[in-house]
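Chain by chain, the residues:
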Amino acid sequence: MTPLTLTADTTAKARRTAWVPTIVLILGALYCLIPIAWVVVAATKDRSELFSTFTFAPGSGFFQNLSDLTAYRDGIFWKWMANSAFYAGLGALLSAAVSAAGGYALGRFAFRGREAVFKMILAGVLVPSIVLAVPQYLLLSKLGMADSYWSMLLPSILSPYGVYLVRIYAAASVPAELMEAARMDGASEWRIFSRIAVPMMMPGLITVFLFQFVGIWNNFLLPYVMLADDEKFPITLGLYTLLAQGASQPALYTLVITGCLLAILPLIALFLVIQRFWSLDLLSGSVKA
């Protein structure tokens, strides 16, 4: 057998092997997208069509469902959406700022106890949020902050994973030589952090913001424990109350499904917008390097 034949056989085997991960990825994508496709189709059906037509057959009641959802309790659904946007937007922004300061300090400064602090943060990454929900409620209740906007914002500000990610990113992307040069030019530590380090860490900070925004938007347990006034509910808890009432009022099922579809759209839009700035930041960083 000639070397050319061996090469051809190897190439053919490699091509056959490459189909395996492709098929696995396609199956994984279908597994994730089929429920979304069902929500999109089910949101177009009215009450009579929801349980009587084929699962993926489009209906004719989307605009009526949207109108009923808007009219439900004087538009409280949009209040829930606004609450979620407030909790997720401000919480993710503050979390990115705290993660930037903490990660930068741990990644670019040497001080006593740094490794101990970092190990504690790593331990915090491993602790499930469900373990912290009740202690957080008891602490905030003692401070008189339960059932308030602060009870949703304060637990979201500190993200151990965000600090960990920014620490790794700062150590890799902010050169110590550049910091020393800025100090020799008379720049303060705050100026070095805000004008030099933050722009260089921006892709990592955008990642932290995105993760926190999605995590807070989808969070159910924390508002379920903290909040009692449904005027302060985020979209997750609001839709849960609608779903619970649907057991006795089946007409609300169409409102829940339509609300689920609308609740997905801001996350998709945010990802598409942030992905653009993410790519621009990575490209500008490579050009500057």
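Rules behind the numbers
Residue positions are given per chain, counted from 1 along the sequence in the order it is written. Totals for whole chains, interfaces and linings use all residues, but because this is a predicted model, local features are given only for residues with pLDDT of at least 70 and pairs of side-chain atoms are given and counted only at 80 or more. Water and hydrogen atoms were dropped before computing side-chain values, which therefore reflect all heavy atoms in the structure. By convention in these notes, a salt bridge is any Lys or Arg side-chain nitrogen within 4 Å of a carboxyl oxygen on Asp or Glu. Helix numbering and strand numbering both begin at the N terminus, where a helix is a DSSP run of H or I of at least 4 residues and a strand a DSSP run of E of at least 2. Only protein chains enter the accessibility calculation, which uses a 1.4 Å probe; a residue whose area is less than 20% of its type maximum is buried, one above 50% is exposed, and one in between is partly exposed. Classification of ring pairs rests on two measures: the distance between centres of Phe, Tyr or Trp rings, Trp counted by its six-membered ring, which must be within 6.5 Å, and the angle between planes, read as stacked under 30 degrees, edge-to-face over 60 and tilted in between. Note on terminology: a nonpolar core comprises buried Ala, Val, Leu, Ile, Met, Phe, Trp, Tyr and Cys residues joined through side-chain atoms within 4.5 Å. Two residues form a contact once any of their heavy atoms are found within 4.5 Å.

(A) The arrangement of the pattern of salt bridges in detail. Considering all chains together, one arrives at 6 salt bridges under this definition. As a salt-bridge pair, arginine 73 and aspartate 230 come within 2.7 Å of each other at their nearest N and O atoms. Residue arginine 73 is located in the loop between helix 3 (62-71) and helix 4 (76-108), and its partner aspartate 230 is located in the loop between helix 12 (221-226) and helix 13 (235-245); the two are separated by 157 residues in the primary sequence. A relative accessible area of 42% places arginine 73 in the partly exposed class. Residues participating in the shared-partner salt-bridge network are Arg114, Glu115 and Arg167.

(B) Region of interest: the packing of aromatic side chains. In this structure the tally under the stated criterion is 18 aromatic pairs. An angle of 55° between the planes, with centres 6.0 Å apart, marks the rings of phenylalanine 86 and tyrosine 87 as tilted. Look at tyrosine 87 and you get buried, because its relative accessible area is 2%. Their ring planes at 85° and their centres at 5.8 Å tell us that phenylalanine 86 and tyrosine 149 sit as a pair that is edge-to-face.

(C) Structural context of unusual backbone geometry. Its identity is not glycine, yet arginine 73 carries a phi of approximately 50°, on the positive side. The backbone of aspartate 147 sits at a positive phi, close to 60°, despite the residue not being glycine. With respect to the helices and strands, the residue aspartate 147 is situated in the loop between helix 6 (129-142) and helix 7 (149-157). On the basis of relative accessibility, which here comes to 26%, the residue aspartate 147 falls in the partly exposed class.

(D) Structural detail: the nonpolar core. With 48 residues, the main nonpolar core has Phe77, Met201, Phe213, Trp217, Ile235 and Leu242 as its most contacted residues. Top contributing element to this core by residue count: helix 4, with 10 residues. When near neighbours in sequence (up to four residues on either side) are disregarded, phenylalanine 213 contacts Ala88, Gly89, Ala92, Leu267 and Leu270. In this structure, Val39, Ala42, Ile257 and Leu261 belong to the second largest nonpolar core, which totals 6 residues.

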